[in-house]
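Remarks on the overall topology
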Amino acid sequence: MAEEKKKHKKRRTATKAAASIGPMVKAAIGGTIKAKEEGKKTAYSFIVCLYDEILRAMDIVPVWTENYAGVCGAKRDAERFLERAESLSFSRSLCTYALCGLGFDQWREELAEMPPDAPWGGQARPDMMLSSGQILCDPRNKWYQAAQQFMPDVPIHNVDLPYPFYEDDIHYSEVQDYYIKHIMEELRGLVAFLEKQTGTKMDYDRLRETVDLGERTWNLLHETYELRRAVPTPMGTGDAMNTMVPMAFMLGTQTAYDFYAELNKELKEKIARKEGVIENEKYRLLWGGGLPSWFALTDFNYFNSKGAVFPAETTYRMIQPIYNMYMPDTNDPIERLAWRWFGYWVYWYDQARKRPGSHPDVEWLIQYIEDYQIEGVVMHEAFSCRTWHLGLIWQLNQLAKIYKPIPVLMLGKDGSEKKSNRELPSLVLESDIIDITTYSEIDTRNRIDAFIETLESVKQSKTN
Amino acid sequence: MKYFAGIDIGSTMTKVVIINNGIISSVIGPTGPEQRRLANKVMEEALNKAVLAFESINYIVATGYGRINVPFADKQVTEITCHAKGVANLFPEAKTVIDIGGQDSKGIKIDNGRPIDFVMNDKCAAGSGRFLEITADALGINIEEMGELALQSDNPAQISNICTIFAEQEVVNKLAEGIPLRDLVAGVLESLASRVSRMVKRLNVEETVVITGGVAKNAGLVKALSDKLGYHVSVPSEPLLTGAIGAALLGKDLVMKAEKDGQYLERKKRSLREIEIL
């Protein structure tokens, strides 16, 4: 493993912004340890749980446990933590982020110090753990309960964050008020818990400013990523797996906003120079779902070496500009947060309703395919992540009903109709997020080679 | 006269085909670590059969898992493209190709001889020819006997297709329970057919369906697969050769296209040598 780690090359980035992320994450992880030393409160946290701005407004330092597991995976140093969790009777088929975190926590608690050579200095011991009951991911509810057996003194608070299911015959407006009320109650419950833990009252003026900054960051990120529609695209999914960091882990901070302002500027400059991810962009692909294999991000470079780029991805793009969703005229930052959560999900419900037979999970893909001139879809089935990856094949099957080598009527966003007759080859990669034992570089690249040949074959068919 | 060669180095078998206007020579031999290094020997055998010198070959395309181990090939192309091409040559109306190899299985959707989509299982032996090899061994029969035995069964046994190793133990236990051999073999073939058909159905299978790979010689498996898919499954006369045929044809297309465009595709690797690093 040591040899493998040594030999593994870092992914080449297309943007300076993406290249700056590694040191930023390292500093953030180191920052959590420093925060502990300075007596600041730290909280184990999950991304996309709506509490980013609340924590920032109360000076609580989030310790992003999924992020740390991903770092262990990217450094190809997760195996020893996974094995440790397995030896504690946690099944290897559970979420490997959770397994890695549990193995790490147990080891740190046993030693009363960081495990030897812990990647980037290790993960700070939390003062509290903020779990989340979401349809999105069940380990978010169970992981910290399991971790509590190693840290019985660390309290857990669970935030329930539901969103309505998509129903063809029931409009979400029928349940909207209930959801908003429930989410607001959950967030107020969280604030009360945090006030108790910190002994400090929430400064709602500060929270308002932080939420405002978070919303502006969402808008800016959306506008910045939309620049990737350009041909050649100035940034691919490989880079986006880096540039998601400020949105996912630093929302509500000026650092995150400034990062995207800088990225926006860089992308505009690249577009003006017609500078793409690669010199000769031949195939435009959509990363249509699934978390990446963090230990194999160089596969994106491999795609690039074959002339393929990824102008868009659904992974880590769980934002919509605030101006695209309903937001009531309210001065209450908690209410704004609740509407943001709800509005994000139902935005795609509204979009799907405009296209007969569509579904939000597919509509998302269709719009990216059309807007970004996509020629093929790549997905990754990570065996240990059931929630994210369940349904990927269904999504591909739905797309196959739309993208065929026969004329199909496509509806534009403005209601316009146009005929499309194009195939959309797809590739499903199979591995895991951080369990490197599931990955074979030779087999993966063999699949990529075959996929590229298929793309070329489809292209040739059209030319002929 | 122009000659083109296709060499398909699979996990179990190595196949070479030499063509001009038709197939003039073909060789099928086992792939082992040594043979993979010595692809040149297999090529030599095919050349001898065709009574041709290596220099007479105008273009060589290598395919299969071992394609990178063919230093004298002019081009490497994946087996997806080569199988599509080879099958379309033999069955011009083909829309779906199922290739069950020694260590993987693939489904390929084709249109006018070109692949337009594919699925692949390279993660689990339970969806590959290896599954049959191991269970045949456990049952003490030759793999070649399995097809005919299975066709005699009207009550196939239930065999797990989750894991080859467990299935091996399962058939041994069921044999000890007294379940007739023909029913066990039929169960094994149904199990493999079920796993492969589940994967291939992702492609929205259309007729004509063609199966390739050594497993295609197994009539019981072809019947089981046909039943699962609900379509007749056609088998080439030599199902192991379609990848190599496709590779040779792709080489021919490249040379012909270059000539049509007034270019000459010069071969740079004019020595029949073995790979130096494996």
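Quick caveat, the model's predicted, so the values are computed rather than measured.

Brief notes about the environment of A:Cys95
All names here are of chain A. Inspection of the secondary structure puts Cys 95 in the loop between helix H6 (79-87) and helix H7 (96-111). The class for Cys 95 is buried, based on 27 C-beta atoms found within 10 Å. Residues Cys 95 and Leu 130 lie 35 residues apart in sequence; the distance between their C-alpha atoms is 18 Å. Beyond its immediate sequence surroundings of up to four residues, Cys 95 is in contact with Pro 139, Ser 384 and Cys 385.

A short note on the nonpolar core
Ranked by internal contacts, the top residues of the largest apolar core, which has 177 residues, are A:Ile54, A:Cys100, A:Leu285, A:Leu286, A:Ile434, B:Val185 and B:Leu189. Tallying contributions element by element places helix H7 (residues 181-200) of chain B first for this core, with 10 residues. Excluding residues that lie within four positions of it along the chain, A:Leu285 makes contacts with A:Ala308, A:Val309, A:Phe310, A:Ile374, A:Glu375, A:Gly376, A:Val377 and A:Val378. Of all hydrophobic cores here, the second largest spans 36 residues; its members include B:Ala73, B:Cys82, B:Leu240 and B:Leu249.

Thoughts on the sheet that holds strand E10 (residues 426-431) of chain A
All names here are of chain A. Taking strand neighbours across the sheet as the criterion, the 4 strands line up as E6-E5-E7-E10 in an open arrangement whose pairing is parallel. Each edge of the open sheet carries a strand with a single partner, namely strand E6 (308-313) and E10. Taking each pair of neighbouring strands and ignoring which way they run, the sheet shows an average axis angle of 30°. As defined by bridge partners, strand E5 (residues 283-287) adjoins strand E7 (residues 376-382) across 3 bridges and the pair is classed as parallel. In the strand pairing of E7, Leu 286 is matched with Val 377.

Some points on the domain arrangement of chain B
All names here are of chain B. Splitting chain B by domain gives domain 1 (3-82 + 241-260) and domain 2 (93-234). Inter-centroid distance (C-alpha atoms) of domain 1 to domain 2 is 27 Å. On the side of domain 2, 10 residues touch domain 1, which itself brings 7 residues to the contact. When grouped by side-chain class, the residues that make up the side of domain 1 that touches domain 2 number 2 nonpolar, 5 polar and no charged.

A closer look at the sheet that holds strand E2 (residues 13-19) of chain B
Residue and element names in this part refer to chain B. The 5 strands are arranged E3-E2-E1-E4-E5 in an open sheet whose pairing can be described as mixed. One side of each edge strand has no neighbouring strand; the edge strands of this open sheet are strand E3 (23-30) and strand E5 (75-76). Bridge count between strand E1 (residues 3-9) and strand E4 (residues 57-63): 6 bridges; the pairing is parallel. Across the sheet, the residue bridging to Tyr 3 is Ile 57, located in E4. Strand contacts of helix H2 (residues 39-50): E1, E2 and E3, with the helix running at about 145° to E3, the strand carrying the most contacts. Taken strand by strand, helix H9 (residues 242-260) contacts E1, E2, E3 and E4, and its axis lies near 140° from that of E1.

With respect to the packing of helix H3 (residues 21-37) of chain A against helix H11 (residues 237-249) of chain A
Residues and elements named next belong to chain A. Running from amino to carboxyl end, H3 crosses H11 at an angle of 35°, the nearest separation of the two axes being 9 Å. In this structure, H3 uses Ile 21, Met 24, Val 25 and Ala 28 to contact H11, whose residues at the interface are Asn 242, Thr 243, Val 245 and Phe 249. Class assignment for the residues of the contact of H3 with H11 results in 6 nonpolar, 2 polar and no charged.

Comments concerning unusual backbone geometry
Residue A:Pro232 follows A:Val231 across a cis peptide bond; omega there is -5°. You can see A:Pro232 is positioned in the loop between helix H10 (204-226) and H11. Of note, the amide linkage connecting B:Glu207 to B:Thr208 takes the cis form, showing an omega dihedral of 0°. Summarising the element assignment, B:Thr208 is placed in the loop between H7 and strand E9 (209-212). Unlike most non-glycine residues, A:Val48 shows phi in positive territory, near 55°. Structurally, A:Val48 is set in the loop between strand E1 (42-45) and helix H4 (52-57). In this structure, A:Arg76 takes a positive phi of about 55° despite not being glycine. Within the element layout of this structure, A:Arg76 appears in the loop between helix H5 (65-74) and H6.

Here is what the cut-offs are and how they apply
Residues numbered from 1 in each chain as written. Chains lettered and ligands numbered in written order. Predicted model: local features only at pLDDT ≥ 70, side-chain atom pairs only at ≥ 80, totals over all residues. Helix = DSSP H or I, 4+ residues; strand = E, 2+ residues; numbered from the N terminus. Buried ≥ 20, exposed ≤ 12 C-beta atoms within 10 Å, placed from the backbone. Contact = placed C-beta atoms within 7 Å. Core = buried A, V, L, I, M, F, W, Y, C linked by C-beta atoms within 7 Å. Pairing = 2+ DSSP bridges. Axes fitted to C-alpha atoms, helices over the stretch in contact; angles between N-to-C directions. Domains from an automatic or database assignment. Nonpolar A, V, L, I, M, F, W, Y, C, P; charged D, E, K, R; others polar.

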